[in-house]
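Structural characterization, general
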Amino acid sequence: MNQDALFMEIALKEAALAKADVPVGAIIVSGADILVQSHNQREELKDPTAHAEIIALRAAANKLGSWRLNGTTLYCTLEPCPMCAEAIIQARVSRLVFGAYDSICGAAGSAFNLFVPGRGLPIPEIVGGILEERCRNDLLEFFKKRREQTAQDHD
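Residues numbered from 1 in each chain as written. Predicted model: local features only at pLDDT ≥ 70, side-chain atom pairs only at ≥ 80, totals over all residues. Heavy atoms only, no water.

For the rest of this paragraph, the subject is the overall build of the protein. The secondary structure content of the protein amounts to five helices and five strands. Moving toward the C terminus, one meets the helices and strands of the protein in the order α-β-β-α-α-β-α-β-β-α. For the protein, the spread of C-alpha atoms along the principal axes amounts to about 55 × 35 × 30 Å. For the protein, buried positions account for 45% of its 155 residues. Sequence-distant contacts, at least 24 apart, represent 58% of the contacts inside the protein between residues at least 6 apart. Carbon and sulfur atoms provide 53% of the accessible area of the protein, an area that totals close to 8100 Å². Each charge class in the protein can be summarised by its mean position, and for the 16 positive and 20 negative side chains these summaries are 4 Å apart. (Helix = DSSP H or I, 4+ residues; strand = E, 2+ residues; numbered from the N terminus. Buried < 20%, exposed > 50% of the residue type's maximum accessible area, 1.4 Å probe, protein only. Contact = heavy atoms within 4.5 Å. Areas by Shrake-Rupley, 256 points an atom, 1.4 Å probe, with all protein chains shown as cover. Lys, Arg positive; Asp, Glu negative; His and termini not counted. Charge placed at Lys NZ, Arg CZ, Asp CG, Glu CD.)

The next subject is the packing of aromatic side chains. In total, this model carries three aromatic pairs according to the counting rule given. For the ring pair F98 and Y101, a centre distance of 5.0 Å and an interplane angle of 80 degrees mean the geometry is edge-to-face. (Phe/Tyr/Trp six-rings, centres within 6.5 Å; stacked < 30°, edge-to-face > 60°.)

This part covers unusual backbone geometry. Positive phi, normally seen in glycine, also occurs at K46, with a value near 55 degrees. Within the element layout of this structure, K46 appears in the loop between α2 (42-45) and α3 (52-64). The exposed category is assigned to K46, whose relative accessible area is 69%. We note that R92 has phi near 65 degrees; this positive angle belongs to a residue other than glycine.

Before going further, it helps to spend a moment on the packing of α3 against helix α4 (residues 82-90). Where α3 contacts α4, the axes come no closer than 9 Å and their chain directions differ by 25 degrees. By the criterion of interaxial angle, the relationship of α3 to α4 is roughly parallel. Crossing of α3 against α4: the hand is left-handed. For the pair formed by α3 and α4, the contact residues are E53, I54 and L57 on the first element and M83, C84, A87 and I88 on the second. Here the residues of the contact of α3 with α4 sort into six nonpolar, no polar and one charged. (Axes fitted to C-alpha atoms, helices over the stretch in contact; angles between N-to-C directions. Parallel < 35°, antiparallel > 145°, perpendicular 65-115°, else oblique. Left-handed = near helix turned anticlockwise from the far one by under 90°. Nonpolar A, V, L, I, M, F, W, Y, C, P; charged D, E, K, R; others polar.)

When you line up the elements, T77 lands in strand β3 (residues 72-78). T77 sits 62 residues away from A15 along the chain, and the two C-alpha atoms are 7.5 Å apart. Look past the residues within four positions of T77 in its chain and what remains in contact with it is M8, A11, L12, A15, P23, V24, G25, G99, A100 and C135.

In structure tokens:
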């Protein structure tokens, strides 16, 4: 298994910690060292910006003592939304690796593409589809259970 797949495995385990929220996990790595791990916490924190990526970016900046995260790789189980994509660019993350593509909100080329050259900011290297099927299946299972629970609540 290559390094991207190994780190995505860790992000998947982190995603499973998102209790009542969409199971998205993110980790930020420098070299072979994991700096931070996070998962979606919008429901828990009652914060619409508490996406796994945003939480990871904040924690990594705090840990490194700088908002500039040059030389880091952000691994995420789902293609980032526009808010997270722009935060990744603003943080100067050097590489973004994600699992499942998001045709509804994905901002790395699926629904939108904020990672275009010529913006005046460095654009990270993008690698999508790492452990894609597992990442997608975890999300599909979550939404299936949510629909079943909603149906039971209305019976």
